[in-house]
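Each chain is listed here by its residues.
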Amino acid sequence: MKTGKLLTVYYNWRGRFISPVPRRVHLSPELVASAGYAEHQVVVDVLAHRIESGLDVTPQLSRDVSIPHESVAPRRSRKRRPDLDGLLAEWGITHLHLSLEIERRQPYETAYRTKNLLFLAVQPKDAYFISVLPHSSWTAPALRDTVVRNWPAAGIFHASRTKKGLTQEVDEASHKELRDAGVTILSLDNGRVVAPQGQSLAGTSLGVADEANRVLLAIDELVKALGDQTGQLSEEVTSRGGKLEGRQPDVHAEVEAGVLQIRERHTGVVIPWINLRK
């Protein structure tokens, strides 16, 4: 697998998890007023507390997060690739199963599966609880509309400032087919055009492609720097207190705590290059 493809696989897989860091949790009015919330309030509130406290909610995620990449074509009996999440890729919305009882499976612990799901959008410092809906609601317009109506500045969806644009919308059935083909769909909200974060034709989010390209560029710059033994690296080592005493830098690249860095062997000087976890 080429480096660019490997990076895409990695960032797509990592993006399907909810990192266990404290976040502010926002419940939509539509969720609070719904029959789904009334039925599952205890579990929803526990999940909200866990996310606010920076606790792990991986057991409630899809079991498919255990599959980083599927390198072979899906069987005809299966309509989708388990390593891809179209809803997350296109709309930036994920889901949690509404059970706290753990069903132990490898390689991850998973909670029991439920017919209804909690749909939410997760940002670095915030989590937006959108709705409790049945398991098949992957293209439900209510998900998009609730986000646009309640959190227009959250950066999950982007609405045009004018009311000129699309003249018709794509129905749910067609939307699912287009999403499965890697197409990003624009929609309407009171005459305004609404755009999601968007996905690539590979079925991963555009953000995943940005992350992969960021690292590829950094690797390219690193290779150039390693080939310039008397220029940039010498200056960097000296500026960080290393005494080369007329020697050319003797360096190697390494990864530590998620950071790609250069270490000069004689002086021990470390030059951080790029944070792979951003």
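Please refer to the structure placed before this passage.
Cut-offs and rules
Residues numbered from 1 in each chain as written. Predicted model: local features only at pLDDT ≥ 70, side-chain atom pairs only at ≥ 80, totals over all residues. Heavy atoms only, no water. Phe/Tyr/Trp six-rings, centres within 6.5 Å; stacked < 30°, edge-to-face > 60°. Helix = DSSP H or I, 4+ residues; strand = E, 2+ residues; numbered from the N terminus. Buried < 20%, exposed > 50% of the residue type's maximum accessible area, 1.4 Å probe, protein only. Lys NZ or Arg CZ within 6 Å of the ring centre and 35° of its normal. Pairing = 2+ DSSP bridges. Axes fitted to C-alpha atoms, helices over the stretch in contact; angles between N-to-C directions.

**Observations concerning the packing of aromatic side chains**
Then comes step 1: If you walk through the whole model with that rule in mind, you get five aromatic pairs.
Then comes step 2: On the basis of an interplanar angle of 65° and a centroid distance of 5.0 Å, the ring pair of Tyr10 and Tyr11 is categorised as edge-to-face.
Then comes step 3: Between Phe119 and Trp138 the ring centres are 5.9 Å apart and the planes differ by 70°, which places this aromatic pair in the edge-to-face class. Placement of the pair is Phe119 in strand S5 (residues 116-122) and Trp138 in the loop between strand S6 (126-134) and helix H5 (141-150), with a sequence separation of 19 residues.
Then comes step 4: By relative accessible area, which is 0% here, Phe119 ends up buried.
Then comes step 5: Its guanidinium or amino end placed over the ring of Trp91, Arg179 lies 4.9 Å from that ring's centre, counting from NZ or CZ.

**Details of the environment of Ser200**
Then comes step 1: Residue placement: Ser200 occurs in the loop between strand S9 (192-196) and helix H7 (206-227).
Then comes step 2: With relative accessibility at 17%, the residue Ser200 sits in the buried group.
Then comes step 3: Residues Ser200 and Val183, 17 residues apart in the sequence, show an inter-C-alpha distance of 7.1 Å.

**Notes on the sheet that holds strand S7 (residues 157-159)**
Then comes step 1: Sheet architecture is open: three strands sit in the order S7-S9-S8, paired in antiparallel fashion. Edge strands, defined here as strands with exactly one partner in the open sheet, are S7 and strand S8 (187-189). For this sheet, the mean angle separating the axes of adjacent strands, direction not counted, is 35°.
Then comes step 2: For S7 and S9, the ladder comprises three bridges, and the chain directions are antiparallel. Paired with Phe157 across the strands is Pro196, a residue of S9.

These results come straight from atomic positions and should not be treated as a statement about function.
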